[in-house]
Amino acid sequence: MRFVELLGSLIIGFTRGVGSVFLLFAESLKEMLLPPYEIKNTSRQVLEVGIKSVPVVIITAVFTGMVLALQTFTGFKRFGAEALVGTVVSLSITREMGPVLTGLVVAGRAGAAMAAELGTMRVTEQIDALETLATSPVKYLIVPRFVASVIVLPALTVIADMLGILGGYAVAVWLYGMSSALYWHRAWNYLEVRDIFGGLAKAAFFGAGIAIVCCHEGFYTEGGAEGVGKATTGAVVISFMTILISDYFLTAWFLK
Amino acid sequence: MIEIKDLHKAFGAHQVLRGVDLQVQDGQSVVVIGGSGSGKSVLMKHIIGLLRPDKGSVLIDGVDIAKLDAKHLYEARKKFGMLFQGAALFDSMTVWENVSFVLLRSGMRAAEAKQVAIEKLRLVGLTDVEDLMPAELSGGMRKRVGLARAIAHQPQILLYDEPTTGIDPIMADAINDLIIKMREELLVTSVTITHDMHSAYKIADRIAFLYDGRIVETGTPDEIRNTSNPLTRQFITGSAQGPIRIEGLSA
Ligand SMILES: Nc1ncnc2c1ncn2[C@@H]1O[C@H](COP(=O)(O)OP(=O)(O)O)[C@@H](O)[C@H]1O
Ligand SMILES: [Mg+2]
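Starting afresh in each chain, residues are numbered from 1 along the sequence in its written order. Chain labels run from A onward and ligand labels from 1 onward, assigned in the order the entries are written. A pLDDT threshold of at least 70 governs which residues receive local features in this predicted model, and a stricter bar of 80 or more applies before side-chain atom pairs are shown or counted, although totals over entire chains, interfaces and linings include all residues. Just so you know, side-chain values use all the structure's heavy atoms and leave hydrogens and water out.

**With respect to the sheet that holds strand β9 (residues 206-211) of chain B**
Residue and element names in this part refer to chain B. If you walk across this open sheet you meet the six strands as β6-β7-β8-β3-β9-β10, and the pairing is mixed. Because the sheet does not close on itself, it has two edges, and the strands there are β6 (80-83) and β10 (214-219). Neighbour to neighbour, the strand axes of the sheet diverge by 15° on average, direction disregarded. Here, a strand pair is defined by DSSP locating no fewer than two bridges between the strands. Starting at the N terminus, helices and strands are each numbered in turn, a helix being any DSSP run of H or I of at least four residues and a strand any DSSP run of E of at least two. Bridge count for β6 against strand β7 (residues 157-161) is four bridges, and the pairing is parallel. Bridge assignment links F80 to a residue of β7, and that residue is I157. Note on definitions: angles span 0 to 180 degrees between N-to-C directions of axes, and those axes are lines fitted to C-alpha atoms, for helices only across the stretch in contact.

This is the structure we're talking about:
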């Protein structure tokens with residue numbers, strides 16, 4: 001009986017949470033379409049979410065490309081297929097690792113900051129103050145973060161794709177002495193435009209998900225400084241789950 | 001004019017307001033007194049439409065603020081300036097950007113808006129702070145910047161949420177003087193909530209005592225000072241003994 005009650009309240013809580021995220025999403029879309037447009041705030045967020053994430057994205061991508069090449073080279077050697085290393089790297093990075101790792105990095109860095117910032121603004125009544133100054137907090141705070149994330153994630157993913165493939169090159173060519181021409185040939189030959197665009201579309205979706213989930217957690221923070229801490233942790237955990245779970249379904253859908 | 005009629009508000013099972021009736025005439029300064037957690041801030045948030053009543057209404061110049069759509073609500077909010085308990089300054093902006101927030105949003109040029117901000121800051125007794133960040137200010141200065149921000153768009157109604165709480169007595173009295181000055185110079189209607197009786201006597205035309213979710217007494221400062229209502233008496237004299245129950249303490 002206890003168990004059923006607990007399960008029931010978990011399901012109700014989850015459903016409420018999801019509903020509340022979608023309501024905030026709908027309101028953000030409405031506010032996004034209505035003028036005036038928050039150009040200045042959005043550019044600032046592009047800088048916050050995007051430009052400042054570049055170094056972490058670069059490091060993540062380079063090492064992921066390198067380790068992919070390392071694994072493939074040593075693993076595929078067992079059946080003499082190590083020449084395929086370029087293909088494995090380019091397909092894995094563009095279709096999967098580029099968008100997903102970029103999403104995770106941005107969620108951990110910028111998403112956590114969004115939740116902490118909005119949460120602090122909520123508990124110090126700055127969000128109420130915005131309302132009293134005749135400004136919609138959804139328009140002023142959430143829309144710029146949402147738009148910036150949707151723009152920035154695909155852009156960062158392009159960088160991750162290029163650097164991941166270069167990281168693979170470094171290991172395959174410089175470490176294992178593979179011919180440079182062979183690496184490029186294998187990397188390009190089996191790569192299709194839709195691999196790249198599919199990856200970028202996923203990245204845009206992750207950007208939307210991260211922004212709305214993290215802003216939602218921050219926006220509805222309760223309970224002072226402790227609440228801000230909880231909101232921040234919650235934002236990162238839920239974003240990670242959202243990215244990893246939706247990734248599977250988006251991939252399955254794109255591959256159809 | 002502000003008319004609050006039979007205002008009820010609960011959060012979950014917690015009934016905070018149980019039928020508040022209160023009127024504030026134009027140009028009047030009304031102070032709402034009441035214990036911590038008695039619902040003073042909740043009452044104030046209903047006046048400016050940050051919260052919606054479960055029952056009852058708040059009329060601002062005859063218009064029910066809870067029935068306005070988003071666009072008209074934001075229009076109506078321009079009539080108000082609110083000073084928050086913790087000042088609620090935007091900590092990502094400089095002092096002058098805080099003060100001129102509404103002006104900048106409505107398209108005023110930066111140079112001009114900064115000039116207005118400097119002028120408003122001078123009105124609340126601050127000079128040479130316009131380029132500082134809020135984190136660099138003391139508590140009393142933050143409140144004054146909050147006040148400058150609240151008056152920058154020339155509101156007709158000012159709401160003060162515990163303007164003197166948490167600052168030293170001398171600064172608190174300076175804030176009292178500012179509140180009086182605002183009313184005399186800007187001719188605003190004001191509602192102040194506080195549990196500081198010294199401040200209440202000084203700035204009020206009328207004092208209303210909020211207890212157990214209702215206004216149990218209203219009167220001029222003199223009437224309140226000489227009240228015969230045992231609840232009000234106990235509150236204004238600050239006694240732990242009397243009819244007011246303190247949760248967690250047995251009599
Ligand atoms: N948004 C809210 N959600 C839930 N409870 C609230 C909310 N705002 C206020 N309360 C509760 O209402 C009561 C009155 O709060 P408040 O008006 O802030 O008191 P005060 O008179 O000290 O200003 C408190 O018990 C508070 O916990
Ligand atoms: Mg309060």
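We are not done yet, so read on.
**Examining the packing of aromatic side chains**
Residue and element names in this part refer to chain A. Centre distance within 6.5 Å is the pairing criterion for rings of Phe, Tyr and Trp, where only the six-membered ring of Trp is used; planes under 30 degrees apart are then read as stacked, over 60 as edge-to-face, and the remainder as tilted. The full count for this structure, using the stated rule, is 14 aromatic pairs over all chains. Measuring from ring centre to ring centre gives 5.5 Å for Y183 and W184, while their planes differ by 75°; the resulting arrangement is edge-to-face. By relative accessible area, which is 0% here, Y183 ends up buried. When accessible area is computed with a 1.4 Å probe and restricted to protein chains, residues below 20% of their type maximum are described as buried, those above 50% as exposed, and intermediate ones as partly exposed. Overall, W184 belongs to the partly exposed group, its relative accessible area being 27%. Definition used: whenever NZ (Lys) or CZ (Arg) falls within 6 Å of the ring centre and also within 35 degrees of the ring normal, the charge is taken to sit over that ring. Over the aromatic face of F219 sits the side chain of R122, whose NZ or CZ is 4.9 Å from the ring centroid.

**With respect to the nonpolar core**
The tendency in soluble globular proteins is for nonpolar side chains to be buried as a group. Among the nonpolar cores identified, the biggest contains 78 residues, and I142 of chain A together with I4 and L159 of chain B are the most heavily contacted of them. Where a domain begins and ends is set by an automatic assignment or by a domain database. Here this core spans two domains, and each of domain 1 (1-79 + 158-163 + 188-251) and domain 2 (83-154) of chain B adds at least three residues to it. The criterion used for residue contact is that any of the two residues' heavy atoms lie within 4.5 Å. Apart from the residues lying within four places of it in its own chain, the contact partners of L159 of chain B are M44, I47, I48, F80, G81, M82, L83 and V191 of chain B. The definition of a nonpolar core used throughout is a set of buried Ala, Val, Leu, Ile, Met, Phe, Trp, Tyr and Cys residues joined through side-chain atoms within 4.5 Å. Core analysis: the second largest hydrophobic core is formed by 45 residues, A113, V145, Y201 and F209 of chain B among them.

**Details of the pattern of salt bridges**
Salt bridges are counted wherever a side-chain nitrogen of Lys or Arg sits within 4 Å of a carboxyl oxygen of Asp or Glu. Counted under the stated rule, the structure contains 25 salt bridges over all chains. A salt bridge links D195 of chain A to R95 of chain A; its shortest N-O distance comes to 3.0 Å. Linking D195 of chain A in helix α8 (residues 193-219) with R95 of chain A in helix α4 (residues 85-123), this pair joins segments that are 100 residues apart in sequence. Take R95 of chain A: its relative accessible area is 31%, and that puts it in the partly exposed class. Here K45 of chain B ties to D128 of chain A by a salt bridge, and the two come within 3.3 Å at their closest N and O atoms. Separated into two different chains, K45 of chain B in helix α1 (residues 40-47) and D128 of chain A in helix α5 (residues 126-132) make up a pair that spans both. Side by side, K45 of chain B and D128 of chain A carry an identical accessibility label, which is buried. Each of R122, E125 and D128 of chain A together with K45 of chain B takes part in salt bridges that share partners, so that together they form one network.

**Thoughts on the interface of chain B and chain A**
Taken together, the contact pairs 21 residues of chain B with 17 residues of chain A. Summed over both partners, the accessible surface that disappears when two parts come together, traced with a 1.4 Å probe, is what is meant by buried area. Both faces considered, chain B and chain A share a buried interface measuring about 1700 Å² in area, 59% of it formed by carbon and sulfur atoms. Three residues, Y74, F90 and R105 of chain B, lead the burial of chain B against chain A; their summed loss comes to 33% of the area buried on that side. On inspection of chain B and its partner chain A, the count reaches four salt bridges. Close ionic contact of R77 of chain B with E131 of chain A constitutes a salt bridge, the shortest N to O distance being 2.7 Å. Polar contacts here mean pairs of N or O atoms no more than 3.5 Å apart (in protein, one a potential hydrogen donor and the other a potential acceptor; neighbouring residues in sequence count only if both atoms are side-chain atoms). Remark: the boundary between chain B and chain A carries six residue pairs in polar contact (both at pLDDT 80 or more).

**As for α1 of chain B**
For an α-helix the count is 3.6 residues per turn, leaving residues at separations of three or four pointing the same way. Residue and element names in this part refer to chain B. Most of α1 is tucked away, with seven of its eight residues classed as buried. Within α1 the residues assigned to the buried category are K40, V42, L43, M44, K45, H46 and I47. Looking at the residues trailing α1, positive phi occurs at G49, about 75°.

Read these as spatial facts, not as claims about activity.
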